[in-house]
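Next come the chains, spelled out residue by residue.
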Amino acid sequence: MASLEQIIEDFEYLDEWEDRYRYVIELGKALPDLPDDRKTGENKVQGCASQVWLVSHIEDGSADPVMTFEGDSDAHIVRGLVAIVLAVYSGRTASEIAATDAIEIFDRIGLVEHLSSQRANGLRSMVKRIREEAKVRAAA
């Protein structure tokens with residue numbers, strides 16, 4: 001999976017929206033498939049037009065645990081957005097995650113302005129869910 005730094009760097013080289021769109025789809029194709037037994041109602045993200053699932057993992061038992069995430073979607077472009085969200089958040093501490101707004105990063109790379117309102121709302125739902133879970137973990 002590409003790192004966030006690599007994704008941002010790649011976006012800087014892609015001037016045309018169609019090239020960026022294709023790149024997002026490629027990122028989604030590179031995302032490991034989420035096993036069917038994890039595609040449950042509990043893991044489904046509410047507020048997304050497409051089906052999106054997110055699974056979080058706590059890597060240690062510290063007061064500010066490192067969290068990692070898995071995700072998947074049934075739509076190619078959304079799966080790419082999931083891959084970018086995971087690159088933003090996975091492998092960081094709960095407090096870092098809670099303090100990081102991935103929407104700002106999507107805005108910086110010029111993606112938000114090109115998303116349909118449904119996709120943008122779905123993206124916000126993913127980000128909100130991850131950050132809320134991280135806030136709970138950081139406060140535990």
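Report on the accompanying structure. These figures come from a predicted structure and were not determined experimentally. (Residues numbered from 1 in each chain as written. Predicted model: local features only at pLDDT ≥ 70, side-chain atom pairs only at ≥ 80, totals over all residues. Heavy atoms only, no water.)

1. Some details on the overall build of the protein
Here is step 1: Along its length, the protein carries 6 helices and 3 strands.
Here is step 2: When the helices and strands of the protein are placed in sequence order, the string is α-α-β-β-α-β-α-α-α.
Here is step 3: At 14 Å, the protein has a C-alpha radius of gyration in line with the 14 Å of a compact globule built from 140 residues.
Here is step 4: Counting across all 140 residues of the protein, residues that qualify as buried make up 45%.
Here is step 5: The long-range share in the protein, meaning contacts at least 24 apart out of those at least 6 apart in sequence, stands at 61%.
Here is step 6: Surface exposure of the protein reaches about 7400 Å², of which carbon and sulfur atoms provide 45%.
Here is step 7: Looking at the protein, you have 16 positive and 26 negative side-chain charges, and the mean spots of the two groups are 5 Å apart. (Helix = DSSP H or I, 4+ residues; strand = E, 2+ residues; numbered from the N terminus. Rg over C-alpha atoms; globule rule 2.2 N^0.38 Å. Buried < 20%, exposed > 50% of the residue type's maximum accessible area, 1.4 Å probe, protein only. Contact = heavy atoms within 4.5 Å. Areas by Shrake-Rupley, 256 points an atom, 1.4 Å probe, with all protein chains shown as cover. Lys, Arg positive; Asp, Glu negative; His and termini not counted. Charge placed at Lys NZ, Arg CZ, Asp CG, Glu CD.)

2. Focus: the packing of aromatic side chains
Here is step 1: What the rule picks out here adds up to 2 aromatic pairs.
Here is step 2: Ring centres of Phe-11 and Tyr-23 lie 5.4 Å apart, and the angle between their planes is 75 degrees; on these two criteria the pair is classed as edge-to-face. Here Phe-11 is found in helix H1 (residues 4-13), whereas its partner Tyr-23 is found in helix H2 (residues 17-30), with 12 residues between them in sequence.
Here is step 3: Accessibility expressed as a relative area gives 1% for Phe-11, which makes it buried.
Here is step 4: For the ring pair Trp-17 and Tyr-21, a centre distance of 5.7 Å and an interplane angle of 65 degrees mean the geometry is edge-to-face. A residue pair is termed a helical-turn pair when its members lie 3 or 4 positions apart in one helix, as Trp-17 and Tyr-21 do in helix H2 at 4 residues.
Here is step 5: Residue Tyr-21 is classed as partly exposed on the basis of its relative accessible area of 30%.
Here is step 6: Its end group placed over the ring of Trp-53, Lys-39 keeps NZ or CZ at 5.2 Å from the ring centre. (Phe/Tyr/Trp six-rings, centres within 6.5 Å; stacked < 30°, edge-to-face > 60°. Lys NZ or Arg CZ within 6 Å of the ring centre and 35° of its normal.)

3. Quick look at the pattern of salt bridges
In a structure, side chains of opposite charge can pair up when their charged atoms sit close to one another.
Here is step 1: Here the structure, examined in full by the defined rule, presents 8 salt bridges.
Here is step 2: Measuring nitrogen to oxygen at the nearest pair gives 2.2 Å for the salt bridge that ties Asp-72 to Arg-79. With respect to class, Asp-72 is no different from Arg-79; both count as buried.
Here is step 3: Residues joined in a network through salt bridges with shared partners are Asp-33, Asp-36, Lys-39, Asp-72 and Arg-79. (Salt bridge = Lys/Arg side-chain N within 4 Å of Asp/Glu carboxyl O.)

4. Side note on the packing of H1 against H2
Packed helices, taken two at a time, are described by the angle their axes make and the gap between the axes.
Here is step 1: At their nearest, the axes of H1 and H2 sit 10 Å apart, and the two run at 155 degrees to each other. If you check the angle between H1 and H2, you find them roughly antiparallel. When the axes of H1 and H2 are compared, the crossing they make is right-handed. On H2, the residues that touch Gln-6, Ile-7, Asp-10 and Phe-11 of H1 are Arg-20, Tyr-23, Val-24 and Leu-27.
Here is step 2: Residues of the contact of H1 with H2, tallied by class, amount to 5 nonpolar, 1 polar and 2 charged. (Axes fitted to C-alpha atoms, helices over the stretch in contact; angles between N-to-C directions. Parallel < 35°, antiparallel > 145°, perpendicular 65-115°, else oblique. Left-handed = near helix turned anticlockwise from the far one by under 90°. Nonpolar A, V, L, I, M, F, W, Y, C, P; charged D, E, K, R; others polar.)

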